[in-house]
Amino acid sequence: MSKPNIKRGAGIALAAILAAGVSTVAVQAAQKPIVIGVTAEMATIPGKAIANGATLAVQQINAAGGINGRPIKLIIEDNHISTTDAIRSFQRMTRQDHAVAILGAFTSEVALAVEPWSARLHEPFLITGAASNKLAEYVHADYAQRKYIFHAYLPAAYLAQAVCDSTKDLLVPMHMTTAVVLSEDAAWTKPLDAGYDNCLPKVGVKVLGNIRFDPNTTDFTPIYQKIEAMHPSMIMAGWAHVGVQPTVQWAEQKVPVALVGINAQAGSSLFWKATNGATEGVLTGNTSAPGVAITPKTIPFTDAYNKAFGSDPAYSAYSTYDAMYALAAAIKREKSTKPNAIVAGLEKTDMVGTQGRLEFQGKSAKFTHALRYGPGFITGVAIQWQNGVQKCVWPLKLANAKVVFPSFVTASK
Amino acid sequence: MQALQILIDGFAISTLYALGALGFTLIFGVSGVLNLAHGGLLVVSAMVAWYVGTALGADAWVSAAAGIAAGLAVTLVTYGAVVRPVQRSRAIPGAERELFVLTATLLWGVMLQELLDYWFSDTPVAVKPLLSGTVNFLGVRTPINEFLTAAIAWAVMGLLWLLVNRTDIGKRLRATAINPRALTLLGFDLERIYLVAWLIYGLLAGIAGVLIGSFLGSGSSYIAGLTGSAFTIVVLGGLGSVSGTLIAAYIVGYIETLTAYLVSPALREVPALLLLIAVMYVRPQGLLGKR
């Protein structure tokens, strides 16, 4: 080979190597994972469900090709129901892991503590289990600074409204028209109680009293005695941090008053075992229910969840699963993982999830960036434990069973 | 009617408090160990009873037996793997040994809580009641299990009294509590006496854990509260005093029940804690304590 030919050959080889190198870098960049964080109370039923819901959604999204060809890398951190742990974890996932957004938190106190950090760090934060009204009101108060926060679950005011709506259709026709509100002392139950007090009289139920109790309470006998003395037909619960003990003692002591309202832990299939079946006849509000086709996505989700984790999803699994899909769609739509682009993408959300149609409220709404509630969006369901199975009893068009209370609940007769 | 309800509920709660605190005071009296993992031992018993009864579907009595066995096992592990190595360590100065044991049991309690969190989650569970149903007792609707629980607790406490006051083993236990050095000089093997004390403690913790779990529920988040409750009762009654513990348990149980019924359930623990502070000012050794 002559010298010019050698030079030409070397040039071609170099160009080929460079081209190969550039295309490799391009492919690698295209496939670089998008990091998404989850903060959850891992030792609790709703917290574990948050992690499971996120995991399942990410597995499915990645199996379908990821977001614009990039896989999601999920980081799950336990916040131990501690505001300090949650804030540290949020900061670490943002700064160190470069998570583009963080989901989770079922405890309102934890979510409220993390919110300022979402605003300061411009880190999108989708709250998927907590229910305090203040979560979305916080965004409304200073939209420009706090627009990175989305309440991807329902504020307590809507949860109370859903309970009132189901009470009107199910219990008032059974002549159950008096209630005592019994709520755990927590941030989310203050607006819930106010909601009950406001909407129950409108549907024909008289509120005879309000009792709030310390979540550390172990003996509910004095409380039930007090309630019985008021002769209500219903105990209107507001429980999420507690559930097992008041339910077990209600059944063991055969308190003759129906247990209804929101008993969040009873939304999980694990609750039957935890209470040794004492949850029979308990009626609770939930955003979705296993085996009920609220949307075409509900049953495939519950089936996949059950197959993957061996139990039916708790309420927070539905909301987290939907939130992960909404986030993925927002990134895909905006073709960017920049915070402002994600916010813009999420604000355009209009999708059918497992709980109903998902849309976040605008900045002028009282509950800015909270999910819309009502017909055509999310309305929630009422489920009742019957013979060890969660049956959907409301909305009536989706119901697969009628309300039946245990024989000791004389108020229902 | 409310007075009778308070009497029944207060009696049931107080009896469980007494049983739960008895082992705690016994082991302090005999071996000088303030076991801050006490609540963990009770909760392990309850969680195993729940698991065997509910997840494995065993009979309530079988699951209770499994829970008691688990309580005994974890108590012996506490003694063998946590307390004894610290007590025998030459690296720790004698004067600081008690403090190290205290710290070791505290950490062991935290470890038990984390392990239970990992295996069972921190969601409380209810142990299967030994008997289900309610009876109408003088017009008060009461779960039968409440009566059975109180009866078992009193039977266990009676047996313990007989063991401590009417047997040779009991004499040795009492002598160890008063003057362990003299007992050694008389040729008794202190290690064996301590082991017997821990065995009794394990049985008491197992039974108390299962009974409390069927009445008040159980879970990893209960550990600190159960240890704190036993601590309060034992300090009020006098550290190491079995009879003081019984009296204190009933005082605390009834004050809490009265507060819950007549004032507010949310304030049920406050008056008993105020009483404890007052007793510590006026009589720091507790009601019947000697040291």
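What you see is a predicted model; the values in this text were computed from it and never measured. (Residues numbered from 1 in each chain as written. Chains lettered and ligands numbered in written order. Predicted model: local features only at pLDDT ≥ 70, side-chain atom pairs only at ≥ 80, totals over all residues. Heavy atoms only, no water.)

Caption draft 1: Seen up close, the overall build of chain B. Along the backbone of chain B there are 11 helices and 2 strands. Computed over the C-alpha atoms, the radius of gyration of chain B is 19 Å, within 12% of the 19 Å expected from 2.2 N^0.38 for a compact globule of 291 residues. Dimensions of chain B, computed from C-alpha atoms along their principal axes, come out at roughly 60 × 50 × 35 Å. Each of the 291 residues in chain B was classed as buried or not, and the buried ones make up 52%. Put simply, of all contacts in chain B between residues at least 6 apart along the chain, 75% involve residues at least 24 apart. About 12900 Å² of surface is accessible on chain B, with carbon and sulfur atoms providing 69% of the total. Measuring between centres, the 16 positive side-chain charges of chain B sit 14 Å from its 13 negative side-chain charges. (Helix = DSSP H or I, 4+ residues; strand = E, 2+ residues; numbered from the N terminus. Rg over C-alpha atoms; globule rule 2.2 N^0.38 Å. Buried < 20%, exposed > 50% of the residue type's maximum accessible area, 1.4 Å probe, protein only. Contact = heavy atoms within 4.5 Å. Areas by Shrake-Rupley, 256 points an atom, 1.4 Å probe, with all protein chains shown as cover. Lys, Arg positive; Asp, Glu negative; His and termini not counted. Charge placed at Lys NZ, Arg CZ, Asp CG, Glu CD.)

Caption draft 2: Seen up close, the domain arrangement of chain A. All names here are of chain A. Taken as a whole, chain A is organised into domain 1 (31–154 + 296–358) and domain 2 (157–286 + 380–412). On the side of domain 2, 15 residues touch domain 1, which itself brings 15 residues to the contact. Interface area lost by domain 1 to domain 2 is led by Ile45, Asn133 and Leu154, which between them contribute 34%. In this structure, the connection of domain 1 to domain 2 is made through 0 salt bridges. (Domains from an automatic or database assignment. Buried area = accessible area lost by both parts, 1.4 Å probe. Salt bridge = Lys/Arg side-chain N within 4 Å of Asp/Glu carboxyl O.)

Caption draft 3: Structural detail: helix H8 (residues 190–215) of chain B. Residues and elements named next belong to chain B. Between its first and last C-alpha atoms H8 spans 37 Å; for 26 residues at 1.5 Å apiece the expected length is 38 Å, and the two agree. H8 sits mainly inside the fold: 20 of its 26 residues count as buried. Here H8 starts with a cap whose side-chain oxygen sits 3.1 Å from the backbone nitrogen of glutamate 191, and that cap is aspartate 189. Two residues or fewer after H8 comes glycine 217, characterised by a positive phi angle close to 85°. (Expected span 1.5 Å × (residues − 1). Polar contact = N/O pair within 3.5 Å; in protein donor to acceptor, adjacent residues only side chain to side chain.)

Caption draft 4: Molecular detail of the environment of Leu154(A). Along the chain, Leu154(A) falls in the loop between strand E5 (149–151) and helix H7 (156–170). When sequence neighbours within four positions are dropped, the list of residues in contact with Leu154(A) reads Ala130(A), Ala131(A), Leu159(A), Thr287(A), Leu371(A), Arg372(A), Tyr373(A) and Ile378(A).

Caption draft 5: Here's a closer look at the packing of helix H2 (residues 38–55) of chain B against helix H9 (residues 223–237) of chain B. Residue and element names in this part refer to chain B. Where H2 contacts H9, the two axes come as close as 7 Å, and the packing angle between them is 125°. The angle between the axes of H2 and H9 places the two elements in the oblique class. For the element pair H2 and H9, the recorded crossing hand is right-handed. Within the contact between the two elements, H2 uses His38, Gly39, Gly40, Leu42 and Val43 and H9 uses Ile223, Leu226, Thr227 and Ala230. Tallied by class, the residues present in the contact of H2 with H9 amount to 5 nonpolar, 4 polar and no charged. (Axes fitted to C-alpha atoms, helices over the stretch in contact; angles between N-to-C directions. Parallel < 35°, antiparallel > 145°, perpendicular 65-115°, else oblique. Left-handed = near helix turned anticlockwise from the far one by under 90°. Nonpolar A, V, L, I, M, F, W, Y, C, P; charged D, E, K, R; others polar.)

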